[in-house]
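Structural features, examined
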Protein chains: 2
Amino acid sequence: MAKKIPEATAKRLPLYYRYLNNLLYANKLRVSSAELAESIQVDAATIRRDFSYFGPLGRRGYGYDVQKLISFFEKILDQDTLTSVALVGVGNLGHALLNFNFHKNSNVRISAAFDIDPELIGSIQSNVPVYAMKQLREQLQDQRIEIAIITVPATIAQQVTDKLVQAGIKGIMNFTTVRLTAPEGVRVQNIDLTNELQTLIYTVKHG
Amino acid sequence: MAKKIPEATAKRLPLYYRYLNNLLYANKLRVSSAELAESIQVDAATIRRDFSYFGPLGRRGYGYDVQKLISFFEKILDQDTLTSVALVGVGNLGHALLNFNFHKNSNVRISAAFDIDPELIGSIQSNVPVYAMKQLREQLQDQRIEIAIITVPATIAQQVTDKLVQAGIKGIMNFTTVRLTAPEGVRVQNIDLTNELQTLIYTVKHG
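Attention in this report is confined to the structure presented alongside it. Since this is a predicted model, take the numbers as computed values, not measurements. (Residues numbered from 1 in each chain as written. Chains lettered and ligands numbered in written order. Predicted model: local features only at pLDDT ≥ 70, side-chain atom pairs only at ≥ 80, totals over all residues. Heavy atoms only, no water.)

1. Observations concerning the environment of Asn174(A)
All names here are of chain A. Turning to its location among the elements, Asn174 is positioned in strand 9 (residues 171–174). The class of Asn174 is buried, set by a relative accessible area of 0%. Distance in space between the C-alpha atoms of Asn174 and Ala34 is 35 Å, their sequence separation being 140 residues. When residues no more than four places from it in sequence are discounted, the contact partners of Asn174 are Ile150, Leu180, Val188, Gln189, Asn190 and Ile191. Among the polar contacts made by the side chain of Asn174, one reaches the main-chain carbonyl oxygen of Val178 at a distance of 2.8 Å. A polar side-chain atom of Asn174 sits 2.9 Å from a polar atom in the side chain of Asn190. (Helix = DSSP H or I, 4+ residues; strand = E, 2+ residues; numbered from the N terminus. Buried < 20%, exposed > 50% of the residue type's maximum accessible area, 1.4 Å probe, protein only. Contact = heavy atoms within 4.5 Å. Polar contact = N/O pair within 3.5 Å; in protein donor to acceptor, adjacent residues only side chain to side chain.)

Rendered as structure tokens:
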């Protein structure tokens, strides 16, 4: 398997995977990059380049075999194994994400939540147990969790990040407004919903 | 005011604005692009280029006047006026976003929600009234709402989009997995939380 693929490509993989499953569901067994392009609004050249990182997957004039692509992406995206992630900070947004807990067909689940509120610790919120922060390392190791979602107040975001890193976390999805510092080897993905909405508003008003 | 600025720049404006407010709060009245760069993890050249779209804001060797920058970005980002947005689809994620309703200092609020569930219509969820879909046009016009958040099931996402466009919506924040089609002049911003998380997992495992 190719080792290093560009981040932009990695970002499109779940999209491809989901769309290919829709095709299979509609009994479509073959697809061209042009058809894929139209449906997912990514241009055909980009799709061909993305796929090329994984070796020859299609044939000129024939297109791509849908089932073959799916089982390929399944392996790449670990769709055959459930990935457990942790959530730290069961406030408004944290509760919200526990309740949402990602799309059913995504094979990703929040399986442990952490908070400092004694009222929450030991309780089950939207089917997810809430643990104390001091149980962090133990739970992450027991459940083999490498990814954590941070929905804590901005003031303690860096401190929580440091604890997560010490406990062996390798990837952080950061919903706070803080730009986190993490050592090399720990990947931070920032999602700032307020920022996204403000950008949209700005673009509508001034674009 | 500059008319067309790059999307990447627009995306950083709320970040700048928020960070500058932190500085003012800490009684810091002057900042260099290098200092800004270090704190928000955007390189100094990018910051200078971003700021240059808005004319001369700083002085060589002096840096930027924090208060001047803030009042400038305030105007640009319409921070002095509250922007109301609508949310369509009060399911798991919809509820979650109503509950979160964006950061308190953001001057953006969801002020109307829409759903088809008779149990929800007419109720108040997390301080936001829920209306029937047939009240869409009327409410959007009355409340002068131009931006909508879509958290409906994928199967009806396009249909809802069409209705929103007919009702005069100019910007859509799309939380569904569907790639929406909208006429020119209507801006669609896709936020796929499941996709973001899967990408993070992929990068941690294969990056």
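2. Points about the nonpolar core
A general tendency of soluble globular proteins is for nonpolar side chains to be buried together. Formed by 48 residues in total, the largest nonpolar core has its most connected members in Leu193(A) and Leu193(B). Leave out the neighbours within four places in its chain, and Leu193(A) touches Leu93(A), Phe175(A), Leu97(B), Phe100(B), Phe102(B), Met173(B), Phe175(B) and Ile191(B). (Core = buried A, V, L, I, M, F, W, Y, C linked by side-chain atoms within 4.5 Å.)

3. Quick notes on the pattern of salt bridges
A full pass over the atoms with the stated rule returns 8 salt bridges over all chains. For Arg18(A), the salt bridge is made with Asp192(B), and the minimal N-O distance between the two is 2.5 Å. Separated into two different chains, Arg18(A) in helix 1 (residues 7–25) and Asp192(B) in the loop between strand 10 (187–190) and helix 8 (193–206) make up a pair that spans both. Taking relative accessible area as the criterion, Asp192(B) reaches 8% and is therefore assigned buried. One salt bridge connects Arg12(B) with Asp50(B), and the closest N-O pair in it is separated by 2.6 Å. Of the two residues, Arg12(B) sits in helix 1 (residues 7–25) while Asp50(B) sits in helix 3 (residues 44–52), which places them 38 residues apart along the sequence. (Salt bridge = Lys/Arg side-chain N within 4 Å of Asp/Glu carboxyl O.)

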